Amino acid sequence: MIDNIKPKEATSIINSLVSGVVPKIGVQHITVGRSEEINAFISALEDVKNGHSMAKFWIGDFGSGKSFMLHLLNTVALKQKFVVSNADFTPDNRLYSNDGKSVILYSAIMDNIAIQTKPEGGALQTLLEKWIEQVIAKTAEDHRISLSDIRNDQYLGLIQNAIMKTVSEITEVGGFDFGSVIVKYYEGYIKGDELLRRNALKWLKGEYKTKTEARQDLGVREIINDSNFYDMLKNFCKFFVSMGYSGFMINLDEAINLYKISTAAAREKNYEKILSIYNDCFQGKISNLFINFAGTKEFLENERRGLFSYQALKSRLETNKFETLEIRDFAQPVIKLTPLDHNEIFVLLKKLKLIFDFNYKTELNISDDEIFAFMEEMFNKPGASEFLTPREVIRDFLNILNIIRQNPTVDKKQLFGDIEISDERPNDLVLLDSIEEI
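Per chain, the residues get numbers from 1 upward, laid out in the order the sequence is written. Local features in a predicted model are, by the rule used here, given only for residues with pLDDT of at least 70; side-chain atom pairs are given and counted only at 80 or more, and totals for whole chains, interfaces and linings are based on all residues. Values reported for side chains reflect all heavy atoms of the structure, with hydrogen atoms and water molecules removed beforehand.

Here's the deal with the nonpolar core
As a rule of thumb, soluble globular proteins bury nonpolar side chains together. Counting 84 residues, the largest nonpolar core has Trp 203 and Phe 248 as its most contacted members. Counting residues in each nonpolar core, the second largest holds 59 residues, with Met 54, Ala 77, Leu 348 and Ile 404 among its members. We call a set of buried residues a nonpolar core when its members are Ala, Val, Leu, Ile, Met, Phe, Trp, Tyr or Cys and they connect through side-chain atoms within 4.5 Å of each other. Think of it in three bands: with a 1.4 Å probe and only protein chains considered, a residue is buried below 20% of the maximum accessible area for its type, exposed above 50%, and partly exposed in between.

Focus on helix α10 (residues 229-242)
Here a helix means four or more residues in a row that DSSP labels H or I, a strand means two or more in a row labelled E, and each is numbered from the N terminus. Take the residue count of a helix, subtract one, and multiply by 1.5 Å to get its expected span. Counted at 1.5 Å a residue, the expected span for α10 with its 14 residues is 20 Å, and the 20 Å between its end C-alpha atoms agrees. Burial within α10 is extensive, with ten of its 14 residues counted as buried. Listing the buried residues of α10 in full gives Phe 229, Tyr 230, Asp 231, Met 232, Leu 233, Asn 235, Phe 236, Cys 237, Phe 239 and Phe 240. Looking one or two places after α10, you find Gly 244, whose phi comes out positive at around 110°.

Notes on the packing of aromatic side chains
Each aromatic ring pair is summarised here by two numbers: the centre-to-centre distance and the angle between the ring planes. Only Phe, Tyr and Trp rings are paired, with Trp represented by its six-membered ring, and only when their centres lie within 6.5 Å; those with planes under 30 degrees apart are stacked, over 60 edge-to-face, the remainder tilted. In the structure shown here, the tally under the stated rule is 15 aromatic pairs. Judged by centre distance (6.1 Å) and plane angle (55°), the ring pair of Phe 239 and Phe 240 falls under tilted. The exposure class of Phe 239 is buried, given its relative accessible area of 0%. On the basis of an interplanar angle of 50° and a centroid distance of 4.8 Å, the ring pair of Phe 356 and Tyr 360 is categorised as tilted. With a gap of four residues between them, Phe 356 and Tyr 360 both fall in helix α15 (residues 342-360), about one helical turn apart. Since its relative accessible area comes to 28%, Tyr 360 is described here as partly exposed. Counting every residue linked through ring pairs, the aromatic cluster contains Trp 131, Phe 178, Phe 236, Phe 239, Phe 240 and Phe 248. Above the ring of Tyr 208, the side-chain terminus of Lys 202 is found at 4.3 Å from the ring centroid. Directly above the ring of Tyr 259 sits Arg 305, whose terminal nitrogen or CZ lies 5.6 Å from the centroid. Only lysine NZ and arginine CZ atoms are considered, and such an atom sits over a ring when it is within 6 Å of the ring centre and within 35 degrees of the ring normal.

Observations concerning unusual backbone geometry
Within the chain, Lys 81 stands out as a residue other than glycine whose phi angle is a positive 65°. Summarising the element assignment, Lys 81 is placed in the loop between α3 (66-79) and β2 (83-88). The partly exposed category is assigned to Lys 81, whose relative accessible area is 41%. A positive phi angle is found at Lys 361, which is not glycine, with a value near 50°. Take Lys 361: it is sitting in the loop between α15 and α16 (368-380).

Considering the sheet that holds β2
Here, strands pair whenever DSSP counts at least two bridges between them. Pairing is parallel across the open sheet formed by five strands, whose spatial order is β2-β3-β4-β1-β5. Edge positions in the sheet fall to β2 and β5 (334-336), since each has one partner strand and no second. In this sheet, neighbouring strand axes are inclined to one another by 15° on average, regardless of whether the strands run parallel or antiparallel. Any two residues whose heavy atoms approach within 4.5 Å are treated as being in contact. Structural elements are reduced to axes, namely lines fitted to C-alpha atoms, with helices fitted over the stretch in contact, and the angle between N-to-C directions of any two is expressed from 0 to 180 degrees. Helix α4 (residues 101-111) rests against β2 and β3 (248-253) of the sheet, and its axis sits at about 135° to β2.

Things to note about the packing of helix α5 (residues 124-142) against α10
Viewed as axis vectors pointing N to C, α5 and α10 meet at an angle of 55°, and their least axial separation amounts to 10 Å. Comparing their axes, α10 and α5 come out oblique. As for the relative orientation of α5 and α10, their crossing is left-handed in sense. Residues Leu 124, Leu 127, Leu 128, Trp 131 and Gln 134 of α5 form the contact with α10, whose participating residues are Phe 236, Phe 239, Phe 240 and Ser 242. Just so you know the grouping, Ala, Val, Leu, Ile, Met, Phe, Trp, Tyr, Cys and Pro go in nonpolar, Asp, Glu, Lys and Arg go in charged, and all remaining residues, Gly too, go in polar. The residue makeup of the contact of α5 with α10, split by class, is seven nonpolar, two polar and no charged. For classification purposes, angles smaller than 35 degrees are called roughly parallel, those larger than 145 roughly antiparallel, those between 65 and 115 roughly perpendicular, and all remaining angles oblique. Crossings are assigned a handedness: left-handed for a near helix turned anticlockwise from the far helix by less than a right angle, right-handed for a clockwise turn.

With respect to the pattern of salt bridges
For salt bridges, the criterion is a side-chain nitrogen of Lys or Arg within 4 Å of an Asp or Glu carboxyl oxygen. Inspection of the entire model under this criterion finds 19 salt bridges. Between Lys 234 and Asp 231 there is a salt bridge whose closest N-O contact spans 3.8 Å. Residue Lys 234 and its partner Asp 231 are located together in helix α10, separated by three residues, close to a single helical turn. We classify Lys 234 as partly exposed; its relative accessible area is 21%.

Details of the pairing of strand β1 (residues 54-59)
In terms of burial, β1 is largely enclosed, as six of its six residues are buried. Side chains Met 54, Lys 56 and Trp 58 of β1 all project onto a buried face; the interleaved residues Ala 55, Phe 57 and Ile 59 project onto the opposite face, where all are buried too. Direction of pairing for β1 relative to strand β4 (residues 289-295): parallel, over a ladder of six bridges. Bridging from a neighbouring strand, Met 54 pairs with Phe 290 of β4. One ladder, built from three bridges, connects β1 with β5; its direction is parallel. In the sheet register, Phe 57 faces β5, and the bridge partner there is Val 334.

Some remarks on the side chain of Lys 314
Secondary-structure assignment places Lys 314 in helix α14 (residues 311-317). The class of Lys 314 is buried, set by a relative accessible area of 17%. Those residues in contact with Lys 314, other than ones at most four positions away along the chain, are Glu 303, Leu 307 and Phe 308.

Shown next, in the form of structure tokens:
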């Protein structure tokens, strides 16, 4: 039995892995062979807690466990009292744009905000109300008003002033509108005006398309757009720290989608934004921010389309020349994820068998020798060395467990023999390199 696993976590692990995606919760129970990366990350988190900022690039082949790693980082950071969020780069969002694609990325980040009590995301509203309660309590204490009386209409102006004062102290760019919207949220919260509260939340999540609409609903002049979304993220970082959180960690996955941007100029602008974030973090221009990017080797090292095509980033992100496969440096900004070895995969499959049994309240008859036999079949198949990824091994293993659970008399050897290896890697990267730049 795996220690301390909750039924909800077991179900999330099994259902997600069978579907070929990383579970949102419970990843700590299936972590194998990443202890050095995690130890280095915990050390970096400590620095960020103390007011530094950090940008890390997690680089690995397709299916090598980058997304898993980001989810694991989430779990660790939540326990260290960080506010965390995840978003994937897609063809429809990016870091720099002038047609709304950056603010789509921002909205995804705000939607997925998580805290320890809400690890699956959607925690922005909880955080706002927690902060408002803190302001109410402090204002009541400062003016010697009881906590029940301070919510009366006569003290509305007092609370509004306290909110604006506190927000102006923790924001730099766009602070007035940011504060005004939080005041509106407070009014909706205290008066039970659900529409006002929803509109304020809509503004904070970057969902207003026009200034006119925002002015009509909330009386503010600006909206969050492609050019100011990063400033808003920095504002939120300070906001969360002022509430007592350790910092704000943002994980951005599928960075290969930046590599795929067809026009060289647009791609370069996005890399310029990464450089700006990198410099802000390491030059001390912002505190308590931790940003992780996950991408493939092409995204990092391709001299024509990858980050290395942008000289300023190449000089910052080149691997420590003294690092080898045996002697690793996990303190550098780029961490290359090496594949799990066969022993580590065996340990992982054994863990998954235990979680599977716990989830389905069963006790499947699969011995260690049979797990070895399954692995031998997989790793000896034609194409395995080229195409096989941990994701595929895990999915096939769980699929076989599912078959055995529902058909206890099935021949396991025959199931193992039926395994086929297919190339699941996206096939558009080779084509991309042959496309003429626009």
